[in-house]
Amino acid sequence: MYRFFRWYNQNRLRVIVIVAVVLLAFVVLQIVNSLVARHNEEERNMLANRNTYIDKTTNPNPTNTSVLTGEKIPDSQDTINKNLISQFVEYCNTGEIQKAYDMLSDECKELVYPTVDLFKQIYINNIFYINRMYSLQNWYIDNNSYTYYIKYTEDVLATGNVNSDNNKGDYITIVNKEGAYYLNINNYVGRQGKNKTVSNNNITIYVNWIDMYIDYTICNITVKNNTGKTVCIDTKEDVLSTYIYDSNNVKYTSFINENPLVELIIRDQESKTINIKFNKLYNQSRILTGITFQDIVLNYDEYISNSAGKESISADINIK
């Protein structure tokens, strides 16, 4: 024992230093372990929250009921629809623009984005310049089409910008064509083929199809003139002379003033195809039943030269 105390007294400083180093190392180790444990817990919580958030944004509404009509989509169809939208958004987020473009219907490409470059310029560059999450609301169910309101939001978990109001909205419609599914976007809902015809005084008007948008409707018509004279289907003298109407006889006026007048003039033996826009919002419960032209001028050349009075007729096309 005496030797131990003698050794301790001779090496007291060294012993104190060693003990202090051991104790400090122990304390540091405990602190590090505590910090690692806390970091791991935070990371687990973040991942859990992220997975929950992603699940809610891809399937934000556990029901599949229209917020407007109360009509319900079958669960299997609702799953198909949401998977398609999820795939589309993923392609847009990851820059696979051609794959996203290929998911669009032929009509949507023709009317809204004729080329993939235009799709990139107008849609991708204006919405997906940042990574996007989204939420959905079912809007309309119409035979083989399903329209959703989609709200694109900033991926706050990726950017950390919890106060972001960088949101974009659109209407996206799933359409089924011969067993294959396609998307209509940018407020375009879809096309209804009509192939209806009316003839009057050697003027034949064909209603080829109707393109429906959320905020308006466009009718595609072809006019064939066999009168022997130049005719005009609407002189624009009365903004109410051309309209469409529904099964409740509600009339929707045209925006025919947006059409150049030369487009509405058809020479003898000429056939001309024209798109006319109407102020009919999309509503599948309001079924369109007809189109009326009340100011078809049969002697247009004589009328505009003031060499004769106006000779006009009306035409009504049943499109049910």
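Here we summarise the structure given alongside this text. (Residues numbered from 1 in each chain as written. Predicted model: local features only at pLDDT ≥ 70, side-chain atom pairs only at ≥ 80, totals over all residues. Heavy atoms only, no water.)

Details of the overall build of the protein
For step 1, the next point in the chain: From N to C terminus, the protein includes 9 helices and 14 strands.
For step 2, the next point in the chain: A separation of at least 24 residues holds for 58% of the contacts in the protein among residues at least 6 apart in sequence.
For step 3, the next point in the chain: Carbon and sulfur atoms provide 51% of the accessible area of the protein, an area that totals close to 17,800 Å². (Helix = DSSP H or I, 4+ residues; strand = E, 2+ residues; numbered from the N terminus. Contact = heavy atoms within 4.5 Å. Areas by Shrake-Rupley, 256 points an atom, 1.4 Å probe, with all protein chains shown as cover.)

What about the sheet that holds strand β12 (residues 271-278)?
For step 1, the next point in the chain: Spatially, the 4 strands line up as an open sheet ordered β5-β6-β7-β12, and their pairing is antiparallel. Only two strands of the sheet have a single neighbouring strand rather than two, namely β5 (188-200) and β12. The sheet shows a mean angle of 20° between the axes of neighbouring strands, taken without regard to direction.
For step 2, the next point in the chain: Relative to β12, strand β7 (residues 217-225) runs antiparallel, the two being bridged by 8 bridges. Bridge pairing links I221 to I274 in β12. (Pairing = 2+ DSSP bridges. Axes fitted to C-alpha atoms, helices over the stretch in contact; angles between N-to-C directions.)

Digging into the packing of aromatic side chains
For step 1, the next point in the chain: With the rule as written, the count across this model stands at 15 aromatic pairs.
For step 2, the next point in the chain: Aromatic ring contacts, followed pair by pair, group F88, Y101, Y113, F119, Y123, F128 and Y152 into a single cluster.
For step 3, the next point in the chain: Taking NZ or CZ as reference, R132 lies 5.4 Å from the ring centre of Y129, over its face. (Phe/Tyr/Trp six-rings, centres within 6.5 Å; stacked < 30°, edge-to-face > 60°. Lys NZ or Arg CZ within 6 Å of the ring centre and 35° of its normal.)

A closer look at the pairing of strand β13 (residues 288-297)
For step 1, the next point in the chain: For β13, a buried count of 9 out of 10 residues is recorded, marking the element as mostly surrounded by other parts of the structure.
For step 2, the next point in the chain: Note that strand β9 (residues 242-246) and β13 share 5 bridges and pair antiparallel. Bridging across to β13, Y245 finds its partner in G290.
For step 3, the next point in the chain: Pairing between β13 and strand β14 (residues 312-318): 6 bridges, direction antiparallel. For V297, the partnering residue across the bridge sits in β14 and is S312. (Buried < 20%, exposed > 50% of the residue type's maximum accessible area, 1.4 Å probe, protein only.)

Brief notes about the sheet that holds strand β3 (residues 168-177)
For step 1, the next point in the chain: As summarised here, the arrangement of the 4 strands in space is β1-β2-β3-β4, forming an open sheet in which the pairing is antiparallel. The open sheet terminates on both sides in strands that have one partner only, identified here as β1 (132-142) and β4 (180-184). Between one strand axis and the next, the sheet turns by 25° as a mean value, whatever way the strands run.
For step 2, the next point in the chain: In terms of strand pairing, strand β2 (residues 145-154) meets β3 through 8 bridges, oriented antiparallel. Bridge pairing links T147 to T173 in β3.

Quick look at the nonpolar core
For step 1, the next point in the chain: I205, I221, I233, I291 and F293 are the most contacted members of the largest nonpolar core, which has 37 residues in total.
For step 2, the next point in the chain: When contributions to this core are tallied by element, the ones reaching two or more residues are β1, β6 (203-213), β7, β8 (231-232), β11 (265-266), β12, β13 and β14.
For step 3, the next point in the chain: When near neighbours in sequence (up to four residues on either side) are disregarded, I205 contacts K196, T197, V198, I221, T222, V223, F293, I296, A315 and I317.
For step 4, the next point in the chain: By size, the runner-up hydrophobic cluster in this structure holds 34 residues, among which are L84, C92, Y134 and I174. (Core = buried A, V, L, I, M, F, W, Y, C linked by side-chain atoms within 4.5 Å.)

Digging into helix α6 (residues 116-127)
For step 1, the next point in the chain: With 12 residues, α6 should reach 16 Å at 1.5 Å per residue; the first-to-last C-alpha distance of 15 Å fits that figure.
For step 2, the next point in the chain: Taken together, the buried positions of α6 are F119, Y123, I124 and I127. Along the axis of α6, the buried residues cluster in a sector spanning 85°; they form a single face. Facing away from the buried side of α6 by over 90 degrees, the exposed positions are D117 and Q121.
For step 3, the next point in the chain: Looking at the buried residues of α6, the elements they touch are α3 (75-93), α4 (97-102), β1, β2 and β3. (Expected span 1.5 Å × (residues − 1). Arc of directions from axis to C-beta.)

Brief notes about unusual backbone geometry
For step 1, the next point in the chain: If you check the backbone angles, N202 has positive phi at about 65° while not being a glycine.
For step 2, the next point in the chain: For N202, the location among the structural elements is in the loop between β5 and β6.
For step 3, the next point in the chain: We classify N202 as exposed; its relative accessible area is 52%.
For step 4, the next point in the chain: With a phi close to 70°, Q269 is a non-glycine residue in the positive phi region.

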